[in-house]
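# Coordinate analysis (summary)
Listed here are the chains, written in short residue letters.
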Amino acid sequence: MRNILFLSALLLSILLRAQIIVPTPAKLDLKNGDCLLRRNELVVSADSVALGACSLFAETLFEGDECNFTTDSLSARLLFRVDTFLPSEGYRLLVDEQCVRVYASDYPGFVYAVQSLRQLAQMRGDGSVTFPCVEVCDSPRLVWRSFMLDSGRQYQSVATIKKYIDMLSMLKMNYFHWHLTEGLGWRLQIKSYSMLTEKGAFVASGDEQQGFYTQEEVRDIVNYARRRAVTIVPEIDFPGHAEAALTAYPQFSCFGEPIGIPREGFTKNIFCAGKDSVLIFLRDVLDEVCQLFPSQYIHLGGDEAPKDNWDACPDCRRRVASLGLGDSHNLQRWLSAQMASYLASKGRKAIFWEDVIVHDGYPLPSNVIIQWWNYRTRGDAALKDARRNNYPVIANTNYYTYLNFPTSPWRGYTKERTFDVETLYNENPSYKASLHYNNIIGIGCSLWCDYGLTENMLDERLFPRIFVLAQQMWGSSLPSFPEFGENIKSIMNFFSVAGYSKK
Ligand code: ACM
Ligand code: ZN
């Protein structure tokens, strides 16, 4: 009996101590014992590439205590060392009772080790922290792991943007795809076209939040993200979803007339592709975008652009005829190619939504990546087209990576436009395709702010489904759903303490 009691107590203490890391690491070996780190005891020996990750460790776990750097590895309680044999973004973590040792070959690897340590940490009332003794070896399955937030239809505060960048880093997602322009608002300050935000950021007429991000705010956000190993990929959507911009500058539309702002969806009022002034405008905007965002990738949109106006516009028709393009769909390919080439001249890559390749035609340059999204209407047609043309693909299907689709019907979302965490776990076409096709560089997920999805509603759409997506993007395998369901409960506690909530 005493033995049983003793064994139960031991088991309970192991269970209480067993911390979960989400996404699940490739290898996690929990050992006996703990490592206790007290405040003001952060004696760190680190290679220079890891310094930002060390300060993130101190800031997030020890309320901003300073690290005390030493060159004497033997006296250090924390060791951050480069190991060039580890894969990019991967890390190895060794915790014993004396020391926390972190190895990585690059900065993101060090950051991800810190994020795993945050999830393993047990905070004590006196400000000290214990970590279980453990060995973790981990690296991502996919190089592209993104989350898109629609700040076009709804403005969100800078603090909220930072909150989600933090979340991405904690879940080891590496790209924040920032959808900054929409019919309902142009949110990015462009100094050479100041009306874009002076007028175009305030065109909504319902309960939408209005506003824009100054260039100074953007620089601050980019630095904030970089420290957390998150790259911001800005999206300037054209030629469609442009009503806010065209309200500010009607001369860039086909007919120069006042433009109506859509309450939902989009209209046929798109940028004119026949006027040279529009090409100059787009290049000027991209000049400022590239100065603000160091990302190798810039998203150029291209989705949902009805061609009614282009078919009727003398300038667009002239362009189609003079270049022998045949029709307005090919005019979109031509316009897309012009801007992708412009980005290529700056050493950047261009991402387009799949709509740009719906029809074959004018050749796109080799720096183009296609984001596959419209599964509900077109199934895997875009994936097939992209494979045929050797375009790399980001899989972001609206079955089931659109987190704005709620878990139960809501406003414009009927029953068939809902999904739950288990369906996502078992049926996500983006995940399944990513296991089979090597032109898929990664998975994206999106949170569109249609139907008045204001910033205080975002958490409940994200959690807990975002955990599944993070697992599918990063994890080398999927645990069984019941097992992962338990992990979700545990990790949600961590996120709740960090200030996130779910329904
Ligand atoms: C999209 O959902 N319009 C890309
Ligand atoms: Zn036109």
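Anything mentioned here points back to the structure above.
Residues numbered from 1 in each chain as written. Chains lettered and ligands numbered in written order. Predicted model: local features only at pLDDT ≥ 70, side-chain atom pairs only at ≥ 80, totals over all residues. Heavy atoms only, no water.

### A look at the pairing of strand S2 (residues 43–46)
In the sheet, S2 pairs with strand S3 (residues 68–69) via two bridges, with the strands oriented parallel. Note on S3: the bridge partner recorded for Val-43 is Asn-68. Of the pairings in the sheet, the one linking S2 to strand S4 (residues 78–82) comprises three bridges and is parallel in character. Bridge assignment links Ala-46 to a residue of S4, and that residue is Phe-80. (Pairing = 2+ DSSP bridges. Helix = DSSP H or I, 4+ residues; strand = E, 2+ residues; numbered from the N terminus.)

### Considering the packing of aromatic side chains
Enumeration according to the criterion identifies 40 aromatic pairs in this entry. For the ring pair Tyr-193 and Tyr-249, a centre distance of 5.6 Å and an interplane angle of 85° mean the geometry is edge-to-face. Taken together, the residues Tyr-193 in the loop between strand S12 (185–186) and helix H5 (195–198) and Tyr-249 in the loop between helix H7 (243–248) and helix H8 (276–292) connect sequence positions 56 residues apart. No difference in accessibility class separates Tyr-193 from Tyr-249, as the two residues are buried. Where Phe-463 meets Phe-495, the ring centres are 5.5 Å apart and the plane angle is 45°; that geometry is what we call tilted. With Phe-463 in the loop between helix H16 (458–462) and helix H17 (465–474) and Phe-495 in helix H18 (residues 481–497), the pair connects residues that are 32 residues apart, well separated along the chain. Taken individually, Phe-463 and Phe-495 each receive the classification buried, so the pair is uniform in this respect. (Phe/Tyr/Trp six-rings, centres within 6.5 Å; stacked < 30°, edge-to-face > 60°. Buried < 20%, exposed > 50% of the residue type's maximum accessible area, 1.4 Å probe, protein only.)

### Details of the coordination of the zinc ion (ligand 2)
Looking at the metal site, the zinc ion (ligand 2) is ligated by Cys-254 (SG), Cys-272 (SG), Cys-313 (SG) and Cys-316 (SG), spaced 2.3 to 2.4 Å from it. For the zinc ion (ligand 2), the four donor atoms are set out with angles of 104 to 114° between them, so the coordination reads as tetrahedral. Along the chain, the residues that donate to the zinc ion (ligand 2) are spaced as C-x17-C-x40-C-x2-C. Remark: Cys-313 occurs in the loop between helix H9 (308–312) and helix H10 (314–323) and Cys-254 occurs in the loop between H7 and H8; sequence separation between them is 59 residues. The exposure classification of Cys-254 matches that of Cys-313, with both residues buried. (Donors = N, O, S within 2.8 Å, 3.2 Å for Na, K, Ca; no water. Tetrahedral: all angles 85-135°; square planar, octahedral: opposite > 155°, others 65-115°.)

### Description of the side chain of Asn-174
The topology assignment puts Asn-174 in the loop between helix H4 (158–170) and strand S10 (175–179). Only 2.9 Å separates the side chain of Asn-174 from the backbone nitrogen of Arg-145, close enough to count as a polar contact. In this structure, Asn-174 is in contact with Glu-89, Tyr-112, Val-143, Trp-144, Arg-145, Ala-229, Val-230 and Thr-231, ignoring residues within four places of it in sequence. (Polar contact = N/O pair within 3.5 Å; in protein donor to acceptor, adjacent residues only side chain to side chain. Contact = heavy atoms within 4.5 Å.)

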